[in-house]
Amino acid sequence: MESINDFMPNSNDWNNERLQTLKQLYPDWFTSEGNLNIDEIKKAVNPELINETERYEFRWFGKSQAKRNAFTPSNATLVFDEDRSINSDNSENIIIEGENLEALKLLSGSYREKIKCIYIDPPYNKDKDFVYSDIFSQDKKSYWEDSQYVENGVIIDTNSETDGRFHSNWLNMMYSRLLISRQLLKNDGVIFISLDNSEIHHLRKLCDEVFGEENFIECITWNKRVPKNDKGIGNIHEYILIYVKDASIKHEFTMRKGGLDDVTNLVSKLKKQKVAIPEAESQIKKLYKKNDFDRGITLYNSLDENYRLWGKINMSWPNADTFGPRYDVIHPKTGMVVKVPDRGWRWKKDTFDEASKFKDGKYQNIVELHDGSYMCGKIWFSKDENTQPSSITYFDEVESFLLRSIISMKSDGGIELEKIFDGKSYFSYPKPSALIQLLLGSIKSDSNDIFLDYFGGSGTTGHAIFKLNSEENSTRKFILIQMPEATAEKSEAFKAGYKKISDITIERNKRVVENIIKEKESKQPDLFTGDKKEDALQGLGFKVFKLQKSNFPRVDFAPDPEKTETENIELLKTYIANKELQLVNAFNKPELITEILLKNGFNLNYKLVLQTQFASNEVQLASDGEKETLICLDVVINEDTVDYFKTHTDKKFICLERALDTTKKYNLKHYLGDKFNAF
């Protein structure tokens, strides 16, 4: 709302001008937030005025509270949304619509040390408003306010650069979530974090604290190729930080050779057409030049007589500070000793002789190449002895190489998303699925591994997992979390019916699944007939869960200071009875079962089977592949149900506390001990 002050000319802010002058002269007197640190001035005047213990640490305002926030219990639960789920019976993938810190807390019990890999693309902390996506220019209410759950809710602060806590706000948000992330990762787990240069220096220090400096792997530079005017520089890159849970476990990150299919197809074509070897090699080099392939591809530029592509690998000892073995190697044509590398050979003589097929003083097989050089086994020799030989590696022997610290990506995430949504642009700056697929595919994983992205955005990580699984015939699983952040009313997304970012997340992955199924059906229609259909659909779908208030009443009773202690105790008993009655009368049984099982460490893909041996109560067996328990949410547990556990003391049993009288509760506790739990 405008006021008269909005139209009044501003006088010069002399205090701010003096502060800025001080900052230019003495930047070390100011905090990273831009505030003047009085202690620094005191130290400049008289160091004895300040009594402090100096040590290296990373500190910011609100750090302690952020840590407490990570480990306080959640007042929320997750509710299955069947209507927006796709093929939920055939898939264990999960999309959660909700505030990610609360959702992570709920997952931390069931999925602790079970997540193989986390990829996140958090807010870059660039613009005025602080929300959980790459769009910062719109004012947004918090998730809890939008959902009308402001009670004990989570407030998302705006984060303006004029605020003295601009960086602290971002660090607090990331700190609490990364602390839970570490708990969720398996011991051999990995986390990838995308970011630009706005906060990358802070993120590195933050991750060093959370994961440990020793578990830092690399800061990858992602070359986006599309320049962006950033302070007069054509900025074309972002970063991807990589940390592991435990670096003492051997980790290797590999990537499939880019252009592998292009090269293989060209060589196959040249062989079929019987193009002369020199001309064929020339065409291969032209392909490399045209596509700007990685050195891991372009070193393979020679063909043998069978059109098998190969490349030369240097045979020199690689370490400049030490020396390798030295021995004579005879040239296969001249019979002279070849040039020995300055630091010696990379291999021992026995290894070299075996690779070159050198036995009894001669080479067993010498092949002269079209350029006058020679191949002996898997060793290449020049025309004469003046050039040192190289080892030979064939292109088809190595389909992958180590993940590069600089990644160039032709794919455009925005164009990709527009194709999925029939040419419409509904989300700004999505990452290309090829980038996420490259990262997630760089680690060794199996079909049971779970991948997590709690800044789900447009759902690119889910898309990447579906593509990986489809190409490798695997069933990796994913969990995506995206806040139901409102889209702008004037946006194309809003006009198309996507009122929340999470609607886009869900719809994108729905369309990806539909396209994969359509493609599979066109290639193998018989897979989708009869009993085969369920197997064909395996993994092609997801379950949607929504974050909402807990089904269990929260205690907000406050004693009346004008009443006696006895009167307040009676008021508390009445309050508790009313809350319990509210729970029993109003609860949704499936929702309550999910919440109870989550609190008992079950994952969200649990199964329920009705147990017919119980005549007077509805008892179900809940199992998630690792744990199982009997559970009953009837309002009264009958005597014969209690009697069952006299002779089945190995079973676990969960029920409502209100469903038991004192005797039944005592008996169940007596028969089952810790295997009995009443809510």
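The coordinates are above.
Calculation notes
- Residues numbered from 1 in each chain as written.
- Predicted model: local features only at pLDDT ≥ 70, side-chain atom pairs only at ≥ 80, totals over all residues.
- Heavy atoms only, no water.
- Helix = DSSP H or I, 4+ residues; strand = E, 2+ residues; numbered from the N terminus.
- Buried < 20%, exposed > 50% of the residue type's maximum accessible area, 1.4 Å probe, protein only.
- Contact = heavy atoms within 4.5 Å.
- Pairing = 2+ DSSP bridges.
- Phe/Tyr/Trp six-rings, centres within 6.5 Å; stacked < 30°, edge-to-face > 60°.
- Lys NZ or Arg CZ within 6 Å of the ring centre and 35° of its normal.
- Polar contact = N/O pair within 3.5 Å; in protein donor to acceptor, adjacent residues only side chain to side chain.
- Axes fitted to C-alpha atoms, helices over the stretch in contact; angles between N-to-C directions.
- Parallel < 35°, antiparallel > 145°, perpendicular 65-115°, else oblique.
- Left-handed = near helix turned anticlockwise from the far one by under 90°.
- Nonpolar A, V, L, I, M, F, W, Y, C, P; charged D, E, K, R; others polar.

Trainee: Even after reading the chapter, I still don't get the environment of Lys500, so can you show me in this structure?
Mentor: In this fold, Lys500 is placed in the loop between α15 (492-495) and α16 (501-523). Taking relative accessible area as the criterion, Lys500 reaches 25% and is therefore assigned partly exposed. Other than its neighbours up to four places away in sequence, Lys500 contacts Glu97, Pro484, Glu485, Ala486 and Thr487.

Trainee: Just checking my understanding: could you explain the pairing of strand β15 (residues 390-394) for this structure?
Mentor: Walk down a regular strand and you will see the side chains alternate between the two sheet faces. Burial runs high along β15: 5 of the 5 residues are buried. Bridge count for strand β9 (residues 309-314) against β15 is 5 bridges, and the pairing is antiparallel. Pairing of Asn314 across the sheet is with Ser390, part of β15. Where strand β14 (residues 379-381) meets β15, 2 bridges bridge the pair, whose relative direction is antiparallel. Within β15, the position partnered with Trp380 by the bridge is Ser390.

Trainee: Teacher, can you tell me more about the packing of aromatic side chains here?
Mentor: Aromatic ring pairs: the centre-centre distance and the angle between the two ring planes describe each pair. Applying the stated criterion to the full structure yields 22 aromatic pairs. One residue, Lys627, lies across the ring of Phe602, its end atom 5.5 Å from the ring centre.

Trainee: What am I meant to see in helix α4 (residues 100-110) here?
Mentor: Each full turn of the α-helix corresponds to 3.6 residues, which orients residues three or four apart in the same direction. Summarising burial for α4: 10 of the 11 residues are buried, a large majority. Regarding α4, the residues found buried are Asn100, Leu101, Glu102, Ala103, Leu104, Lys105, Leu106, Leu107, Ser108 and Ser110. Its side-chain oxygen placed 3.0 Å from the backbone nitrogen of Leu101, Glu99 serves as the N-cap of α4.

Trainee: Looking at this structure, I do not really get the packing of helix α14 (residues 460-472) against α16. What am I missing?
Mentor: It is the contact of α14 with α16, at a shortest axis distance of 9 Å, that shows an interaxial angle of 15 degrees. One way to sum up the angle between α14 and α16 is to call them roughly parallel. In the packing of α14 onto α16, the handedness of the crossing is right-handed. Residue-level inspection shows Thr460, Gly462, His463, Phe466 and Ser470 of α14 in contact with α16, the latter providing Arg508, Asn509, Val512, Val513 and Ile516. A breakdown of the residues in the contact of α14 with α16 according to their chemical character gives 4 nonpolar, 5 polar and 1 charged.

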